[in-house]
Amino acid sequence: MGYRRRKSKQDKLIEEQPGNEADVKEPEQPSYSQLSRNIEYLTKALKHSNDLKIRILNEGQAALLFFETLSDQEKLQENIFTPIENGKFDSISKLPNGKQTDDLEEALKVLLRGHALYIEEGSKSLAYFSVTTTYNRSVEEPENEKVVRGSHEGFVENIMININLVRKRLEHRDLTIKYFRVGKKTNTNIAIAYMDGITNPELVKEVEKRIKSVTADTILSPGFMEEFIEDNPMSPFPQTLSTERPDRVIANIMSGKVALMAEGSPTVLILPSTFFMFYQSPDDYNARWVSGTFIRLIRLMSFLIAIGLPAMYIAIIGFHFEVIPDDLVPPVKSAIDQIAYPPFVEAFIMVIIIELIREAGIRLPQPVGQTIGIVGGLVIGDAVIRAGLISNLMVIVVALTAIASFVVPSHELSTTLRLLTFPLIILASTLGFIGIVFGILFILIHLVKLESFGNPYFAPVSPLRIQDLKDTFVRIPLFKLDTRPKDANPIKEQSMGESREWKRNGKSKKSKQTKKSK
Amino acid sequence: MANQKNQNKPKSQNDAAFLNTKITRLQFFFLIIQTQIGVGVISLPYNLQQVAKQDGWISLIGASLIVQLILLLYWLLLKNTPKQHLFMNLEKVFGKWPGKAATLFYCLYFIAVGALILILYTRVINLWMLINTPKWILMTLMVSAGLYLISGKIKVLARAYTLFSGLMLILVVSLIYGIRDANFIFILPIGKAGIEPILKGINEGVLSLLGFVFVLIIYPLVEGTDKEKLKTIFYTQWFILGFYLLVVFSTFTFFGAKEILLVPEPVLYMLKAYEFSVVERLDLFFISVWIVSVTTSFTTYLYMAGKGLKHMLDSNKEMPFMVMMAGVALTLGLTFGRGEQLIGQYGDIVMKFGYLFSGLLPVLLLVVFLARKKELTGRDST
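What you see is a predicted model, and the numbers here were worked out from it, not measured in a lab.

What counts and what doesn't
Residues numbered from 1 in each chain as written. Chains lettered and ligands numbered in written order. Predicted model: local features only at pLDDT ≥ 70, side-chain atom pairs only at ≥ 80, totals over all residues. Heavy atoms only, no water. Helix = DSSP H or I, 4+ residues; strand = E, 2+ residues; numbered from the N terminus. Rg over C-alpha atoms; globule rule 2.2 N^0.38 Å. Buried < 20%, exposed > 50% of the residue type's maximum accessible area, 1.4 Å probe, protein only. Lys, Arg positive; Asp, Glu negative; His and termini not counted. Charge placed at Lys NZ, Arg CZ, Asp CG, Glu CD. Domains from an automatic or database assignment. Contact = heavy atoms within 4.5 Å. Buried area = accessible area lost by both parts, 1.4 Å probe. Salt bridge = Lys/Arg side-chain N within 4 Å of Asp/Glu carboxyl O. Pairing = 2+ DSSP bridges. pLDDT = per-residue confidence, 0-100. Core = buried A, V, L, I, M, F, W, Y, C linked by side-chain atoms within 4.5 Å. Axes fitted to C-alpha atoms, helices over the stretch in contact; angles between N-to-C directions. Left-handed = near helix turned anticlockwise from the far one by under 90°. Nonpolar A, V, L, I, M, F, W, Y, C, P; charged D, E, K, R; others polar. Patch = residues over 30% accessible without salt bridge, like charges linked within 9 Å, V, L, I, M, F, W, Y side chains within 5 Å. Areas by Shrake-Rupley, 256 points an atom, 1.4 Å probe, with all protein chains shown as cover. Parallel < 35°, antiparallel > 145°, perpendicular 65-115°, else oblique. Polar contact = N/O pair within 3.5 Å; in protein donor to acceptor, adjacent residues only side chain to side chain.

1. A closer look at the overall build of chain A
On a plain count of helices and strands, chain A comes out with 17 helices and 12 strands. For chain A, whose C-alpha radius of gyration is 30 Å, the value lies well above the compact-globule estimate of 24 Å for 518 residues. In terms of principal-axis extent, the alpha carbons of chain A reach across some 100 × 70 × 40 Å. When each of the 518 residues of chain A is scored for burial, the buried share is 48%. Taken as two groups, the 63 positive and 61 negative side-chain charges of chain A have centres that lie 8 Å from each other.

Okay, here's the thing in structure tokens:
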């Protein structure tokens, strides 16, 4: 029930916003006073679609139109017929939960939104009632963003439920939701959420501008929006963080970012995003700060392993064998001596095998997927070494790389990392260490150049903001995180006052006084 | 007069974007450091030892003092010409056409230095890591990295240099590791060779410190008061002096006077000698990190050359000139990088010009500016 009430509010909002479809002049068609002409116009406009139901009432003096596929029969009964049967009202058009219009084009729109339309002979005013039906999945933990501790709720495909999940966690009047309609044909409902008074108004303006400039016919998911609104679509790096977790969205909204949700998808985009946001997981904040820091450092290390390890190995084997210490030379040499292929080909085959196994495992049902993993990983891995196609060291290196790429808490970035391995492998096999250095140099320069909604992507490392490093490589205790990160230029930086003064009570009055004087 | 005004207008507009970017003092610090520290690191001790024997470090300090004096003179000029970079000052102080000519010479000098950096870096790589790799591949790699960096304008340059400076830590740590085996007797007795070699050594020292002319171009962008900026400038020089002294001391005390003359790249030979249980050949890793420093130096010179050319021709676009200059650097590098002797001669000539463009010309600029100060500032206000 709660959702429905909000839905009607939303309709009002959308109708009130002229900016949404401002570029195209709204077609208008005043309604006729004859019932038949009205119905004829509507059915023609809807191409005589079979699921449009017309119920003739009052011996042909009135009609009720609705899409049976969009409307809920029970609601129809409850909202329209029950009050009439109870005898409180004599006519359907006088029911208080209906709204009036005299524009047939608008009537078309509300019909498509799942409303029921009531038309009377001899009256130009059309009444419509919200009887939309929705089929919802329950709120479950997102498969790809599981956490050990903390909330296990995830977003669903219904934008109203998603906004509800956000509002429930953030009960403050400053939480602002703005609706947009994008996709000329799909007419997808999109919402942005931000904290007024924390989020930079410039940022909100920029986001709105970019959303409004989308003119595509089809917008199916935030993935579509992402490519339309991001700064640099040519970059391999994802510039907007997508998440299905309400707690992650709240945390980001509270640090001055904007969340973008879309009807029909559980994925929410965070704008702007920085590179290091992809390495933060809600788990870090649920765990104790020391362990949170440790895990985060491991994750960031995995970045280096994921993009650099195979390249490093190939460079050493192919060019700089002298780097290996004396004691390690015999085992390494014996491992690669019998292999027919150059290390470059070896690495390539192995990386491709792993990608194949991964891709096959995703599409298949879980029990079969596991079998593929075992067959692929264990059997092929073992056989490939015994057959002498690939050295056992290479298997270790590539397997470790694959694992490291999965450590990133974001699926998009994980794919990016595995993609970046290839150019580095090629560079390493042609130029050794020099190739790796230049490869990484190019990646770093690219990261430094990249901007997400006008904010530097590689912040707070470049440009260096020492203040913000406290939640980047490490995660210092929460009560010390008293300023918001400058990633999104929030207009209110302070995020907490003094929280642990009881600890200092009586110990030193001096420090307290200086704090006060500040 | 009206005609002149029209001509001046687009210029002030196209530089407005550049002059409106703000860089912090920290970024300024790293921009200067990354420009000055570059190819020189590897062969500096050898060059000093050749001329000043074990007193090379005294020469280095002397050289740094001279550079600091020059920078102070720069500052006197820059303080009086806010919102004006080098090429604007040249035109303003010397007059339009002489200024443009000077700008052109500056561009040629900058790109010649860029080419020299390419040559020296390729030589080291060919000697130490990739013996058979053609020079043009190595040079193209560096040039394209530089161009890619420049395509993001000065702000990205500042951010990237700050980021890359983290790598200097690796260089510093590996050099400090070298001190472990230091034999301080090697630098004694102090002043044995006499004053003359030390003075000659100053020449070598100054050459390794070149690149500070970059200050003249980016100074107007730095945030803060003139005094704070001056402080930052001095900090950069002290940092670089400290770093170079570390290089010189660690190698001088490791090899000793006679030995060092046999090894043209003493830093690398020193690191090569160390063995760890995890990796060997620290020198290879050192070179890998050093390449980044070289790239930043090269990029700065390329940037200054392209910037100058753009300014000279009053154009709104920047990248075409950068690409052009990159092509020139590549051609120069491939032409003069073909033989040891040729490299030596080319290097000598280019380095000599350093005195003219980093020392003489800016000081002349200051003198003429001071002489015409009333006239110049007076015209501005009307």
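Still to come is the rest of the account.
2. Focus on the domain arrangement of chain A
Residues and elements named next belong to chain A. Examined at the domain level, chain A breaks down into domain 1 (25–130), domain 2 (159–273) and domain 3 (285–455). Taking only C-alpha atoms, the centre of domain 2 and the centre of domain 3 are 33 Å apart. Between domain 2 and domain 3, the contact holds 18 residues from the first and 14 residues from the second. Together, the buried faces of domain 2 and domain 3 total about 1,400 Å²; carbon and sulfur atoms form 69% of this surface. Linking domain 2 with domain 3 are 0 salt bridges, by the criterion used here. With 4 residues, the top contributor of residues to the side of domain 2 that touches domain 3 is helix H6 (residues 201–212).

3. Here's the deal with the pairing of strand S2 (residues 62–67) of chain A
Residue and element names in this part refer to chain A. Most of S2 sits out of view: 6 of its 6 residues are buried. Residues Ala62, Leu64 and Phe66 line one face of S2 and the alternating positions Ala63, Leu65 and Phe67 line the opposite face, and both faces are buried. In sequence, strand S1 (residues 52–57) turns back onto S2 through a hairpin of 4 residues, with Asn58 there showing a positive phi of about 50°. In this structure, S2 lies alongside strand S4 (residues 115–120), joined through 4 bridges in antiparallel fashion. Bridge pairing in S4 links Leu65 to Leu117.

4. Some points on the confidence of the model for chain B
Averaged over chain B, the pLDDT score is 85; the fraction of residues at 70 or greater is 95%. Long-range and interchain partners of residues 1–12 of chain B, a stretch whose pLDDT sits below 50, account for 6 contacts in this model, where long-range means more than four residues apart.

5. Quick word on the nonpolar core
Soluble globular proteins tend to pack their nonpolar side chains together in the buried interior. Formed by 214 residues in total, the largest nonpolar core has its most connected members in A:Phe275, B:Phe286, B:Trp290 and B:Ile291. Considering each element in turn, this core owes the most residues, 19 residues, to helix H15 (residues 411–449) of chain A. The two domains that each donate at least three residues to this core are domain 2 (159–273) and domain 3 (285–455) of chain A. A:Tyr194, A:Leu203, A:Val214 and A:Met225 belong to the second largest nonpolar core, which has 21 residues in total.

6. Points about the interface of chain A and chain B
Many analyses report the size of an interface as the accessible area lost when the parts associate. At the junction of the two partners, chain A supplies 27 residues and chain B supplies 35 residues. For the chain A and chain B pair, buried surface summed over both sides reaches about 2,700 Å², with 78% attributable to carbon and sulfur atoms. Of all residues in chain A, the largest losses of buried area upon contact with chain B belong to A:Ile434, A:Phe438 and A:Lys449, amounting jointly to 22% of the total for that side. For the pair chain A and chain B, the number of links is 2 salt bridges. With a closest N to O distance of 3.8 Å, A:Glu322 and B:Arg281 form a salt bridge.

7. Some remarks on the confidence of the model for chain A
Residues and elements named next belong to chain A. Summarising the model, chain A shows a mean pLDDT of 84, and 92% of its residues fall at 70 or more. Taken together, the stretch residues 1–24 has pLDDT below 50 and engages in 32 contacts with residues farther than four places along the chain or on a different chain. This stretch, residues 509–518, has a pLDDT under 50; its non-local contacts, to residues over four places away or in other chains, come to 3 contacts.

8. Topic: the environment of B:Phe234
Assignment of secondary structure puts B:Phe234 in helix H11 (residues 226–255). Beyond its immediate chain neighbours, meaning those up to four positions away, B:Phe234 contacts B:Gln68 and B:Leu72.

9. Points about the packing of helix H3 (residues 40–52) of chain B against H11(B)
Residues and elements named next belong to chain B. Contact geometry for H3 and H11: axes closest at 9 Å, N-to-C directions at 65°. As H3 packs across H11, the resulting crossing turns out to be right-handed. Taken together, the residues of H11 that come into contact with H3 (itself represented by Val41, Leu44, Pro45, Leu48 and Gln49) are Phe243, Tyr244, Val247, Val248, Thr251 and Phe252. Counted by class, the contact of H3 with H11 contains 9 nonpolar, 2 polar and no charged residues.

10. Examining the environment of B:Val206
Residues and elements named next belong to chain B. With respect to the helices and strands, Val206 occurs in helix H9 (residues 195–209). For Val206, a relative accessible area of 5% puts it in the buried group. C-alpha separation for the pair Val206 and Leu60, spaced 146 residues apart in sequence, amounts to 7.6 Å. Leaving out residues up to four positions away in the same chain, Val206 has contacts with Ala63 and Tyr355.

11. Details of a nonpolar patch on the surface
On the surface, A:Ile374, A:Val375, A:Leu378 and A:Val379 cluster together into a nonpolar patch covering about 380 Å² of accessible area. Looking at the secondary structure, you find A:Ile374 in helix H13 (residues 366–386).

12. Overview of the side chain of A:Thr133
Turning to its location among the elements, A:Thr133 is positioned in the loop between strand S5 (126–130) and helix H5 (159–169). In this view, A:Thr133 contacts A:Thr69, A:Leu70, A:Ser71, A:Asp72 and A:Lys75; residues no more than four positions away in its chain are not counted.

13. Observations concerning the packing of helix H6 (residues 96–128) of chain B against helix H15 (residues 319–336) of chain B
Axis angle and axis distance: for two packed helices, these are the angle between their axes and the distance between the axes, and together they describe the pair. Residue and element names in this part refer to chain B. For the pair H6 and H15, the least separation of the axes is 8 Å and the interaxial angle reads 50°. As the angle between them shows, H6 and H15 are arranged oblique. For the crossing formed where H6 meets H15, the hand is right-handed. Counted together, Cys107, Ile111, Ala112, Ala115, Leu118 and Ile119 of H6 and Met325, Val328, Ala329, Leu330, Leu332, Gly333 and Phe336 of H15 form the full contact between these two elements. Here the residues of the contact of H6 with H15 are counted per class, giving 12 nonpolar, 1 polar and no charged.

14. Digging into the side chain of A:Lys257
All names here are of chain A. Checked against the element boundaries, Lys257 lands in the loop between helix H8 (246–254) and strand S9 (258–262). Side chain to side chain, Lys257 and Ser255 meet in a polar contact 3.4 Å long. Leave out the neighbours within four places in its chain, and Lys257 touches Ala193, Tyr194, Thr199, Asn252, Ile270, Leu271, Pro272, Met277, Asp487 and Ala488.

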